[in-house]
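Letter by letter, the chains look like this.
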Amino acid sequence: MIVTRSWLNEWIDLKGITTDNLVKTLNSIGLEVDRVHHYKVPEKIVFGRVLECEKHPDADKLNICKVDIGSSTRQIVCGASNVRAGLNVVVATIGAEMPNGLIIKPVVLRGIDSEGMICSAGEIGFENIQDGIMELDESIGGYTLGQEVSENNIFGDDLIEIELTANRGDCLSIRGIARDLSAAYDRPLKEVTFNENEDRRIGIGRILSLSHEKDLNINLRYKAVDLKNLIIPFVIKLRLSQIEEKRDTDIESIMLYATHSSGVILKAYNYGFFCAKNDTMAKIVLSEDKHGYACIMSKEKASTIGIIQEDASKVTYVEGTVLIEASYIPPDIISKKMAISKIPSGPLYYRTSRGSEPELNLGLSFCLDLIESNSNSAIFGGNIELCDSYENKIVSVSKQEIDEIIGASIDKVKINKILKNLGFNTAKSHADHFVISVPRFRHDIINKQDIIEEIVRLVGIDNIPSKPFMFKEENKLKDDYFEYKKRRTYRHRAAQSGFFESVHFVFDEKKVLQKYGFDTLNEELELLNPIVNTLDTLRSTLMTGLLKAASGNVNNGYSSVKLFEVGSVFNASREESLKMAMLFCGNKESESLSNSGKPQKIDFAFFTQKIADIIGEFELRTHTTKHSLSHPFQCAEILIGDEAVGELFRVHPSVQDSYNLDITIMCEIDFTKLPDSLKVAKNVSKYQASFRDLSIVMPQEMSYDRVKGVIEKNASNELIHFYPVDRYADESLGENVSLSIRFMLQSDEKTLQEEDITSSMDAILNALKNELGITLR
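Residues numbered from 1 in each chain as written. Predicted model: local features only at pLDDT ≥ 70, side-chain atom pairs only at ≥ 80, totals over all residues. Heavy atoms only, no water.

Quick look at the overall build of the chain now. Secondary structure summary: the chain contains 18 helices and 35 strands in total. Here the C-alpha atoms of the chain give a radius of gyration of 51 Å, more than 25% beyond the 28 Å that 2.2 N^0.38 yields for 777 residues. If one aligns the C-alpha atoms of the chain with their principal axes, the spans along those axes are about 160 × 70 × 60 Å. Counting over 777 residues, the chain shows a buried share of 48%. Within the chain, contacts between residues separated by at least 24 positions form 69% of all contacts whose residues are at least 6 apart in sequence. Carbon and sulfur atoms make up 48% of the accessible area of the chain, which amounts to about 40,700 Å² in all. Of the charged side chains in the chain, 91 are positive and 114 negative, and the gap between their average positions amounts to 1 Å. (Helix = DSSP H or I, 4+ residues; strand = E, 2+ residues; numbered from the N terminus. Rg over C-alpha atoms; globule rule 2.2 N^0.38 Å. Buried < 20%, exposed > 50% of the residue type's maximum accessible area, 1.4 Å probe, protein only. Contact = heavy atoms within 4.5 Å. Areas by Shrake-Rupley, 256 points an atom, 1.4 Å probe, with all protein chains shown as cover. Lys, Arg positive; Asp, Glu negative; His and termini not counted. Charge placed at Lys NZ, Arg CZ, Asp CG, Glu CD.)

And the structure:
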C-alpha cells in the first residue's frame, strides 16, 4: 500500500508531525513501513508560465518559448510536443543541477539562445506522468511565478510504502491508513463534504432499472453521469504515477484514484452496453453464473462483481452517459468461491478479496465530486441500490480481562478513545464492561482477544511497562499418577530384592478361601456367570494365588521360589482395596561352592530383612491371624510407626504339605499404608559413636514391648538406637530369660566420654529395675 504525506493530510491533519515520527508510529501500530522516499527538487528549479510559443525556424520538433519566471522572462527552446502558450510549467534555471547530474547552462540550439529548461516530471526526480512536460494546475495549491518548486507541498512530498498483513484490507486506502493514525494520534478524521444538491437533476430512474434473481450477498449502488470535458488534475496524475498504477481512459483514472483514496470499489460502465436496440432505458440484470459468482448482465456479461469487468462494458468515449458502480462483497465469500472455482480476475480483485470499504456512499460521493469539479458533466439525481442484510458483530470484554491479558492497567477513557477512533461503537458499554459493535470493514475482528490486540497496538508495546515473565502451570499430575508411581516404585524394589512378580486374576475359588478362613462375598453379591468353577468369586487375599504359583514352580524343579504381587482384593461387601503380598519358599540361595552345595533354608529373620529392604524400617509384634495359613508360633504383625500395616508368618506345615512346598514364609501388607512421602535429610553427627551391650534377666511371659517402652521413656539425648541381639534361657534361670540389648550412643556436640555413656546406661537400668523389676544378669 503506497501513500504520500500530502495525500494523507487530506484525510487527517498531520501538522506538527514529522515524516520520521509518522513512519515510527505506523510501525508501532502494526503497519510495517517497507520503504520511504523523500522527493527533493533541486534548487533553482522554479514555477513559470509560457507566455509565447513559436516554432523553431530550423527544427520541426523544437519550439521557441518566452517563459515568465517571476523575476524575468527567459527564452527557452523546448522540444516537448505538448508545450504551448498559457501553460504553467516547471523551469530549471541557469545553474540548476538536475537529479541526473546535468547542470543547466546557457546554450545555443540551432542558432537560437536558450536560457533554461522546461521540465518533465522524470527530469526533476518524479515518476513520469505523461509524455512531454508537466502541465501544472490549481490542484497543487497556491504558488507564485519564480517560487522554488521544492517549497510546494506536492513537490516536497514523502512517499511511504506499507507492507500490510493479509487481514488488514481496511487499510488498503488512504482513508483506512488515516483512520488508524487517527487512533494513534487521537486526532479526528477530516470531515469531507460533498455537493449533494439533487434539485433540478434528472432522476436516474428514468434511464436505468435494476433487477435481480435472489439474495446474492452483495451491496451495489449506481449513479449516472452525463460526462463532458473531463480533465484529470495534475495532482491526480502525479499520485497515480506514484502508486505505479495507470488506466487507459480518464474516467477509469478517476475511478482508480477514488478507490485508492476511499477504499470503495468503483467501476465505470458504458451506458449503451445495457440498452437494447432503439431503447434509451438501460437495464441491469443481476444473476448467478454456473460457478456461483454474482454477475452484472445485459445482452451479455458486463462484469463478475468484485473480480473482473469485461472489456465490452468499459467506457471508451470521452462524452456521453456513464454508469458509476460502487460495490461491496464480503471477502470471505469471494475468497472461498475463488478457491473452489478459480476464474480470471482483474486488478480490483485483490482489494475485494482482502476486504474493501462497505460505506458505498462515501466512495461514490467522493468520485462524483471529483468528476463534477473537473468537468462540465451533469450528474443524474438519486441512485439505484441493492443491499444485503447485515448486523454488526458484538464482542463483550471486561476492563479486568483487558488488563489481565495485556499485563498492565490501561485507562478506560483511553480504551474508549482508541475504539471510537478505529470506528468501533461502544455506546452500549457500562461500568467496567465494554460491549463493542464491530464495523463491517473490520471483518478480521472476531473475539475479545482481537479487540485487546487492537488496544495493545495502539497503546504501543513499548509503552506497556515490562514485567518479569511468570509462567504458572496447573499441576496436571493427579492422584492416579502418584498411585501409579508408588506402585511402580515398590514393584521395582521387590524385583531388585530378587522377587519375581506374579500376576493373577482378581477371581479365586470360593471353596479354597472358605477352607482357610478368609472372608468371601455376600451371597447376593456373588458372580452370576463365573468363567470356570475354580474362579467363581472375587478374591479376598493375594496369598492363595501366590501359594498356587509357588507350588507350580516347585513342581517344575525350582528349589528356591521368591514371588510377589500387588493387586486388588475385595471384602464381603465387594469393596475394593489394594494389597501387596510376598512369598519366599525353599533355599535362601542357590547351590554354590561357598555353601558346599548345601544352601540353608529360608528362616524368619532372613525373610524379615528382605521385606525391610522393600518397604523400609518396620517393627514386629506378636500376632494371631484370623486365617489358618499361618504357623501358630511364627507369626507377627508388621508395624510402621504405630500403625499396623500387615502380617508376616511362616506357612503352616500342613498347608506346605498340601501345596508340596518346602519351608515357606510370606506376608501380606495393606499397600495404601506403605510410606510414599518425600525423603527428608537429617543431620548426622561427625563424632564417633559408642556401643554398649546390656544383658538383662526378665520373666518369660513379659513382652519386649514393655521393656522397649521403659527404655524409650528414660533414654538420654545421646541414645540413638537400640535393639535386641540375643535371647537365652536355661534351667538356672528358671522361669526367666536373658535378653541382650545393644545400645548406640552418639552426641552432636562432642565425642562421648566414659562417664557420659555410664550415666545414660545407669538411667536406663534404674528405670527398668524400678518399673519392671528387671536387673542385670
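Moving on from the model shown.
Now for the pattern of salt bridges. Within this structure, the stated rule accounts for 40 salt bridges. In this structure, Asp186 engages Lys417 in a salt bridge whose closest nitrogen and oxygen atoms are separated by 3.4 Å. Placement of Asp186 in the loop between helix 3 (174–185) and strand 11 (208–212) and of Lys417 in helix 10 (residues 412–421) is noted, with a sequence separation of 231 residues between them. Residue Glu454 is joined to Arg457 by a salt bridge in which the shortest nitrogen-to-oxygen separation is 2.8 Å. Within this pair, Glu454 and its partner Arg457 are both found in helix 11 (residues 448–459), separated by three residues, close to a single helical turn. One salt-bridge network, in which partners are shared between bridges, spans Arg168, Asp170, Asp180, Arg442, Asp444, Glu454 and Arg457. (Salt bridge = Lys/Arg side-chain N within 4 Å of Asp/Glu carboxyl O.)

For helix 9 (residues 399–406), the full list of buried residues reads Lys399, Ile402, Asp403 and Ile406. Along the axis of helix 9, the buried residues cluster in a sector spanning 95°; they form a single face. Facing away from the buried side of helix 9 by over 90 degrees, the exposed positions are Gln400 and Glu404. Just beyond helix 9, the residue with positive phi is Gly407, at close to 85°. (Arc of directions from axis to C-beta.)

Taken N-terminus to C-terminus, the directions of helix 2 (residues 19–28) and helix 3 make an angle of 95°; their axes are 11 Å apart at the nearest point. With respect to helix 3, the element helix 2 is oriented roughly perpendicular. Taking contact as the criterion, the partners of Asn21, Leu22, Thr25 and Leu26 in helix 2 are, on helix 3, Ile177, Leu181, Ala184 and Tyr185. A per-class count over the contact of helix 2 with helix 3 returns six nonpolar, two polar and no charged. (Axes fitted to C-alpha atoms, helices over the stretch in contact; angles between N-to-C directions. Parallel < 35°, antiparallel > 145°, perpendicular 65-115°, else oblique. Nonpolar A, V, L, I, M, F, W, Y, C, P; charged D, E, K, R; others polar.)

The next subject is unusual backbone geometry. The backbone of Arg110 shows a phi angle near 55°, a positive value even though the residue is not glycine. As for its position among the elements, Arg110 is in the loop between strand 7 (107–109) and strand 8 (112–114). The exposure class of Arg110 is exposed, given its relative accessible area of 55%.

Note on placement: Ser261 falls in helix 5 (residues 250–262). Excluding residues that lie within four positions of it along the chain, Ser261 makes contacts with Trp7, Trp11, Ser173, Ile174, Arg175 and Phe366.

This part takes up the sheet that holds strand 2 (residues 32–38). Remark on secondary structure: sheet strands pair via backbone hydrogen bonds, oriented parallel or antiparallel. Sheet architecture is open: three strands sit in the order 1-10-2, paired in antiparallel fashion. With one partner strand each, in any of the chains shown, strand 1 (2–4) and strand 2 form the two edges of the open sheet. For this sheet, the mean inter-axis angle between neighbouring strands, taken without regard to orientation, is 25°. Sheet topology places strand 2 next to strand 10 (residues 158–163); six bridges connect them, and they run antiparallel. Within strand 10, the residue paired with Val33 across the bridge is Ile162. The strands touched by helix 2 are strand 2 and strand 10; relative to strand 2, the strand with the most contacts, the crossing angle is about 165°. (Pairing = 2+ DSSP bridges.)

Summarising burial for strand 22 (residues 433–438): five of the six residues are buried, a large majority. Both strand 21 (residues 393–398) and strand 22 contribute to a ladder of six bridges, which runs antiparallel. For Lys393, the partnering residue across the bridge sits in strand 22 and is Val438.

Axis separation between helix 5 and helix 8 (residues 360–373) bottoms out at 9 Å; the angle between their running directions is 135°. Relative to helix 8, the element helix 5 is oriented oblique. Here the hand of the crossing between helix 5 and helix 8 comes out right-handed. Here Ile251, Ile254, Met255, Tyr257, Ala258, Ser261 and Ser262 of helix 5 come into contact with helix 8, specifically with Leu362, Gly363, Phe366, Cys367, Leu370 and Ile371. (Left-handed = near helix turned anticlockwise from the far one by under 90°.)

The subject of this paragraph is the sheet that holds strand 32 (residues 690–699). Taken in spatial order, the four strands make up an open sheet running 33-34-32-35, and their pairing is antiparallel. Each edge of the open sheet carries a strand with a single partner, namely strand 33 (719–728) and strand 35 (775–776). Bridge count between strand 33 and strand 34 (residues 736–745): eight bridges; the pairing is antiparallel. Each residue of the ladder has a partner; that of Leu719, found in strand 34, is Leu745. Where helix 17 (residues 704–714) meets the sheet, it contacts strand 32, strand 33 and strand 34, and its direction lies at approximately 150° from that of strand 33. Packing of helix 18 (residues 754–772) onto the sheet brings it into contact with strand 32, strand 33, strand 34 and strand 35, and relative to strand 32 it is tilted by some 15°.

Our next topic: the nonpolar core. If you look at soluble globular proteins, the nonpolar side chains tend to sit buried side by side. Residues Ile124, Phe155, Ile177, Ile251 and Ile324 are the most contacted members of the largest nonpolar core, which totals 103 residues. It is helix 8 that contributes the most residues to this core, seven residues altogether. In this structure Ile251 touches Leu227, Leu230, Ala268, Val315, Val322, Ile324 and Ile371, once residues within four positions along its chain are discounted. (Core = buried A, V, L, I, M, F, W, Y, C linked by side-chain atoms within 4.5 Å.)

Once that is clear, we can look at the domain arrangement of the chain. Looking at the chain, the domain boundaries give domain 1 (2–39 + 159–185), domain 2 (45–156), domain 3 (204–386), domain 4 (393–463), domain 5 (480–673) and domain 6 (690–776). Once you take the C-alpha centre of each, domain 2 and domain 6 turn out to be 123 Å apart. (Domains from an automatic or database assignment.)

Time to look at the packing of aromatic side chains. Applying the stated criterion across every chain, the model contains 16 aromatic pairs. Seen in terms of ring centroids, Phe499 and Phe584 are 6.1 Å apart; in terms of plane orientation they differ by 85°. Their pairing is edge-to-face. Taken as a pair, Phe499 in the loop between helix 12 (479–496) and strand 23 (500–501) and Phe584 in strand 27 (residues 576–586) lie far apart in primary sequence, 85 residues in all. For the residue pair Phe499 and Phe584, the accessibility class agrees, reading buried in each case. Pairing Phe584 with Phe606 gives two aromatic rings, centres 6.1 Å apart and planes at 75°, and the pair type is edge-to-face. With Phe584 in strand 27 and Phe606 in helix 15 (residues 604–615), this pair connects stretches of sequence that are 22 residues apart. (Phe/Tyr/Trp six-rings, centres within 6.5 Å; stacked < 30°, edge-to-face > 60°.)

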